[in-house]
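Read off the chains here:
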Amino acid sequence: MAAITAAMVGELRAKTDAPMMECKKALTEAEGDMGRAEEILRVKLGGKASKASSRVTAEGVVATYIANGVGALIEVNSETDFVAKNDDFLNLANTAAKLVAENNPADVAALLALPAGNGQTLDEVRAALIGKIGENMSIRRFQRFETTAKLASYLHGTRIGVVVEFDGADEQVGKDVAMHIAAMKPVSLSADQVPAELIEKERSVAQLKADEDAATAAAAGKPAQSPEIVAKRLEGSVQKYLKEVSLLNQAFVKNDKQSIEQMLKEKATTVKAFTMYVVGEGIEKKVDDFAAEVAAQMAASQG
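Definitions and cut-offs
- Residues numbered from 1 in each chain as written.
- Predicted model: local features only at pLDDT ≥ 70, side-chain atom pairs only at ≥ 80, totals over all residues.
- Heavy atoms only, no water.
- Helix = DSSP H or I, 4+ residues; strand = E, 2+ residues; numbered from the N terminus.
- Buried < 20%, exposed > 50% of the residue type's maximum accessible area, 1.4 Å probe, protein only.
- Contact = heavy atoms within 4.5 Å.
- Areas by Shrake-Rupley, 256 points an atom, 1.4 Å probe, with all protein chains shown as cover.
- Core = buried A, V, L, I, M, F, W, Y, C linked by side-chain atoms within 4.5 Å.
- Pairing = 2+ DSSP bridges.
- Axes fitted to C-alpha atoms, helices over the stretch in contact; angles between N-to-C directions.
- Salt bridge = Lys/Arg side-chain N within 4 Å of Asp/Glu carboxyl O.

On a plain count of helices and strands, the protein chain comes out with 13 helices and 8 strands. For the protein chain, with 303 residues in total, the buried portion stands at 40%. Considering only intrachain contacts with a sequence separation of at least 6, the fraction spanning at least 24 residues in the protein chain is 64%. As displayed, the protein chain offers around 16,800 Å² of accessible surface, 54% of which is attributable to carbon and sulfur atoms.

Shown next, in the form of structure tokens:
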């Protein structure tokens, strides 16, 4: 009997998207024959998981779980918004969020290996659901919180999710801040925490605008601004940007006369950290040409 190696299991999993244990069983049954093992899995999964595994998952949901100072925020993706509303898919996301909170997995691979009930790992539950629905699904990312402070969450539908870690007597303040974050989408807690690459990008945009203004002025025969004035304009643009994207400096959505920092001080509350996920953020979505697809199917049927 052929020896079943980890490399063989990994190769079969990459081809079929089936759970690792199922891949090993199929390879054992097929006596190491990769093609036969793939067919065994396709029969078992209804031929769906293999076809789905290469498709882009840019839709999906964000789910949260909070209990006893431990919380989790997770993004679970699907190919279409229709499947993102499926009860089984939502249960998968909620189960995954709870597993993150309770088990503190190191990464997505460790999360998928955790038992999820009925003698199945989370990865096996996911693969079975792919086989049932016929659409690819993936767990993209998660953030776990464990604190002696308080945690609040807010979900805007299922597409935007926020978890906030805070200290304060009024629980509603934490929820209000989470809702504000979902609406205003700050990139950091304070101005000094805004990533350097974002600041440089903003500075570059301001410099390009200054160059355009200088060229326009020169074309009109107007004198150029001094380097000092230009530098002040650039710095002003950067400072305006930092105020717009840092949570504490933003105007509170429930009272735009106050900044978040002022509101928190009034409520004797401190925000320690937050995480926000937006479904599909940064994923390149496939744009389908429906007319071309229909034409191709008609041509195939006539061929």
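The next subject is the nonpolar core. Counting 25 residues, the largest nonpolar core has Ile74, Val76, Phe89, Leu111, Leu122 and Ile139 as the members making the most contacts within it. Residue assignment for this core shows that the elements contributing at least two residues are strand 1 (59-67), strand 2 (70-78), helix 5 (81-84), helix 6 (87-103), helix 7 (108-112), helix 8 (122-133) and strand 3 (137-146). Broken down by element, this core gets its largest block of residues, 8 residues, from helix 6. The residues contacting isoleucine 74, other than those within four sequence positions of it, are Val61, Val62, Ala63, Ala93, Ala96, Ala97, Val100, Leu111, Ile139, Arg141, Phe142 and Tyr277. With 20 residues, the next largest nonpolar core counts Val177, Ile181, Phe274 and Val278 among its residues.

A separate point is the sheet that holds strand 5 (residues 160-167). Strand order in this open sheet of 3 strands is 4-5-8, and the pairing throughout is antiparallel. Of all the strands in the sheet, just strand 4 (150-156) and strand 8 (270-278) have a single pairing partner and so form its edges. Adjacent strand axes in the sheet meet at a mean angle of 15 degrees when their direction is disregarded. Against the sheet, helix 9 (residues 171-184) contacts strand 4, strand 5 and strand 8, and its axis sits at roughly 140 degrees relative to strand 5.

What the rule picks out here adds up to 16 salt bridges. Two residues, glutamate 171 and lysine 150, come together in a salt bridge whose shortest N-O distance is 3.4 Å. Of this pair, glutamate 171 sits in helix 9 while lysine 150 sits in strand 4, and the two are 21 residues apart along the sequence. A residue is classified by how much of its surface remains accessible, and glutamate 171, at 42% relative accessible area, is partly exposed. By relative accessible area, which is 27% here, lysine 150 ends up partly exposed.

Take the environment of glutamine 172 next. Mapped onto the elements, glutamine 172 comes out in helix 9. Residue classification places glutamine 172 among the partly exposed residues on the basis of a relative accessible area of 38%. For the pair glutamine 172 and alanine 152, spaced 20 residues apart in sequence, the C-alpha separation works out to 8.7 Å.

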